[in-house]
Amino acid sequence: MDQLPLPLEGITVVAVEQAVAAPFATRQLADLGARVIKVERVDGGDFARGYDTAARGLASHFVWCNRGKESVALDLKDPRGLAVVRRLVAGADVFVQNLAQGAAARLGLDAATLCAAHPRLVAVDISGYGAGGPYADKRAYDMLVQCEAGLVSVTGTPEQPVKAGIPAADIAAGMYAFSGVLAALVRRGATGRGGPVEVSMLEALAEWMGHPLHHALHGGTAPDRTGLAHAVIAPYDAYPTADGGRVLLSVQNDREWRRLAEQVLERPELGEDPAFATNAARVAHRARTDALVGQALGGLDADEAVRRLEAAGIACARLRDVHELAGHPQLAARERWREVGSPVGPLRALLPPITLPGGEEPRVGDVPALGEHTGAVLRAVGMTDDEIAALRRDGVAA
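So, a few notes on the structure that sits alongside this text. The residue numbering used here restarts from 1 in each chain and proceeds along that chain's sequence as written. Confidence filtering applies because this is a predicted model: local features only for residues at pLDDT of at least 70, side-chain atom pairs given and counted only at 80 or more, and all residues used for totals across whole chains, interfaces and linings. As a rule here, side-chain values come from all non-hydrogen atoms in the structure, and water together with hydrogens is ignored.

Considering the overall build of the protein
Within the protein one finds 17 helices and 11 strands. With the C-alpha coordinates aligned to their principal axes, the bounding extent of the protein is approximately 85 × 45 × 45 Å. Note on exposure labels: buried denotes an accessible area under 20% of the residue type's maximum, exposed denotes more than 50%, and partly exposed covers the range between, all computed with a 1.4 Å probe on protein chains only. Looking at the protein as a whole, 46% of its 398 residues qualify as buried. Put simply, 67% of the contacts in the protein that link residues at least 6 apart link residues at least 24 apart. Think of it this way: any DSSP run of H or I at least four residues long counts as a helix, any run of E at least two long counts as a strand, and we number them from the N terminus. The contact definition used throughout considers only heavy atoms, calling two residues in contact when any of these lie within 4.5 Å.

Structure follows, in structure tokens:
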């Protein structure tokens, strides 16, 4: 049977993007075969290039979100630079932007304007809070939106709320922009028309807050912050092991508690003890429950703790740090790692989590240098070498 092509082969995306939300969305499109032309500022490019130097001199955010793209550096404040973008959009299937609120409209690059001019175009506006309402013009960085969306209020310990350790608002918006593009392309296949797609970081993350939101709306109170513990199940927490590790376990019902008591705690009588025999009792006596589990696991190293828990049929996991994630045996066994090219040489990267059996492997392309593809892209839209040289000389292109 012939191998299927990547699903977005032949789709061209133009992105005027920065930071994480839009670049993460368009990277997913590139992984699935789309050609993504990333338009960057001439003076430093996407500001995420300067976030850090952790990836052998490159910014870790930029490496993560921008592989497989072509970088074109243009000054959009100059009419000649903006004219180049319009030429690129005229030949594109998808346009994505996440400029500051109002900036795209002033340039005529907002979704409504572009879709009116190009009926087959799918054009995406990603914003912090949406185009209207009292928050439309507020700055919207990830941590600020995490606070506004209530994520911080349900994350952390009883004493201290904390932000998520990843840019959850950016990722949420990026994934809804990605899926919105796919849905709009399916509709275009049926109707011949593209159309605008709007995604806001607040609304994306508010959707992800569905469980605590509905708990509060219909139950009257928000779930408690419980660190790694579960608010209404016990034992369900991470416990230290003798070798300095931590193992998280979850007992989902009273049958599992009895197995845990017999096979791991080696205290079978606790399975029938009224203080622990039901989940309600264990939650009511959470400190004593946790002390019993902690004492048992504290005498084992992590490997032995996991082995005993799995033998007893108890759901468990190691509490890994990011270095341990990089060496995770499951990712290695499933051959999820690849190398991508970059201006500083090859870098390790994960395959995207969407697997399409029977088709080509997702494209894990190189991380571009700023303006690496400016000349080639401009020539492809009909500009001469002299015209390109003039733009470079005047600082309109780089």
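Here the narrative resumes.
Things to note about the pairing of strand β10 (residues 337-340)
By the convention used here, strands pair only if DSSP detects at least 2 bridges between them. The pairing of β10 with strand β11 (residues 347-350) spans 4 bridges and is antiparallel. Residue pairing across strands places E339 opposite R348, the latter belonging to β11. Between β10 and β11, which pair antiparallel and follow one another directly, the connecting turn spans 6 residues, one of which, G345, has a positive phi of 105°.

So, the sheet that holds strand β8 (residues 246-250)
What holds strands together in a sheet is hydrogen bonding between their backbones, with the strands either parallel or antiparallel. Sheet architecture is open: 3 strands sit in the order β7-β8-β9, paired in antiparallel fashion. With one partner strand each, in any of the chains shown, β7 (236-240) and β9 (315-318) form the two edges of the open sheet. Across the sheet, the mean angle from the axis of one strand to that of its neighbour is 25°, orientation sign disregarded. As paired elements, β7 and β8 share 5 bridges and run antiparallel to each other. Directly across from P240, in β8, lies its bridge partner R246. Relative to the sheet, helix α12 (residues 286-298) contacts β7 and β8, its axis offset from that of β7 by approximately 40°. Axis angles are defined between N-to-C directions and span 0 to 180 degrees, where every axis is a line fitted to C-alpha atoms and, for a helix, only to the segment in contact.

Shape descriptors only; they carry no functional weight alone.
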